[in-house]
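# Overview (structure and organization)
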Amino acid sequence: MASKLYHLRILDGEQSCADVGAPLVVISQFTLYADTGKGLRPSWHAAAPAHLAEPLVDAVVDALRALGAEVATGRFGADMQVELVNEGPMTLVIDVEGATA
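Residues numbered from 1 in each chain as written. Predicted model: local features only at pLDDT ≥ 70, side-chain atom pairs only at ≥ 80, totals over all residues. Heavy atoms only, no water.

## Quick notes on the environment of isoleucine 27
Relative to the assigned elements, isoleucine 27 resides in the loop between strand E1 (24-26) and helix H3 (50-66). Isoleucine 27 sits 47 residues away from glycine 74 along the chain, and the two C-alpha atoms are 5.8 Å apart. With residues up to four places along the chain from it excluded, the contact list for isoleucine 27 reads Met80 and Val82. (Helix = DSSP H or I, 4+ residues; strand = E, 2+ residues; numbered from the N terminus. Contact = heavy atoms within 4.5 Å.)

Printed below as a string of structure tokens:
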């Protein structure tokens with residue numbers, strides 16, 4: 001998964017972060033995984049608990065750094081205020097079936 005993230009050609013000129021040495025920010029949003037399919041109150045039942053999710057996020061960060069990526073992170077479970085400038089709206093769903101960090 002880390003390699004796929006680092007090498008995705010999503011930057012100008014179909015380049016990747018690896019191609020241009022762009023830094024990455026990895027922030028876990030496991031608590032935002034909510035099921036809204038039933039009723040008006042979201043359920044976080046399927047979200048990974050912190051004791052499972054935190055080591056997974058750490059493993060991805062470690063794997064990215066092993067690939068040579070510059071990676072900034074937040075504090076897991078912290079109430080953070082993140083400010084950034086995006087170039088256009090884009091959301092990617094990364095298929096990680098069978099992937100390892």
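## Let's talk about the side chain of serine 16
By the element assignment, serine 16 lies in the loop between helix H1 (2-7) and helix H2 (17-20). In terms of polar contacts, serine 16 uses its side chain to reach the backbone amide nitrogen of alanine 18, at 3.3 Å. Ignoring sequence-local partners within four residues, the contact set of serine 16 consists of Tyr6, His7, Leu8, Arg9 and Leu11. (Polar contact = N/O pair within 3.5 Å; in protein donor to acceptor, adjacent residues only side chain to side chain.)

## Here we look at the nonpolar core
Of all hydrophobic cores here, the largest spans 12 residues; its members are Ala2, Tyr6, Cys17, Ala22, Leu24, Val26, Val60, Val61, Ala63, Leu64, Ala69 and Val71. Looking at this core, the elements that each hand over two or more residues are H1, E1 and H3. Broken down by element, this core gets its largest block of residues, 4 residues, from H3. Setting aside residues up to four positions removed in sequence, alanine 69 forms contacts with Tyr6, Leu24 and Leu64. (Core = buried A, V, L, I, M, F, W, Y, C linked by side-chain atoms within 4.5 Å. Buried < 20%, exposed > 50% of the residue type's maximum accessible area, 1.4 Å probe, protein only.)

## Topic: the environment of leucine 64
Relative to the assigned elements, leucine 64 resides in helix H3. Note on leucine 64: relative accessible area 1%, which makes it buried. On a C-alpha basis, the gap between leucine 64 and valine 26 in space is 9.8 Å, while along the polypeptide they are 38 residues apart.

## Remarks on the confidence of the model for the protein chain
For any part of a model where pLDDT is low, the fine detail of the predicted coordinates should not be relied upon. With 80% of its residues at a pLDDT of at least 70, the protein chain reaches an overall mean of 82. Looking across the protein chain, the model is least confident in E1, with a mean pLDDT of 87, and most confident in H2, with 96. (pLDDT = per-residue confidence, 0-100.)

## Some thoughts on unusual backbone geometry
At glutamate 14, a position not held by glycine, the phi torsion is positive, near 55°. Tracing the chain through its elements places glutamate 14 in the loop between H1 and H2. Taking relative accessible area as the criterion, glutamate 14 reaches 60% and is therefore assigned exposed.

## Details of H3
Taking 1.5 Å of rise per residue, 17 residues should cover 24 Å, and H3 covers 24 Å from first to last C-alpha, within 8% of that figure. The complete set of buried residues in H3 reads Ala53, Val60, Val61, Ala63 and Leu64. Along H3, the residues classed as buried sweep out an arc of 165° about the axis, all on the same side. In H3, the exposed residues that point more than 90 degrees away from the buried face are His51 and Ala66. Buried residues belonging to H3 abut H1, E1 and strand E2 (71-73). Directly after H3, the chain includes glycine 68, whose backbone phi takes a positive value near 100°. (Expected span 1.5 Å × (residues − 1). Arc of directions from axis to C-beta.)

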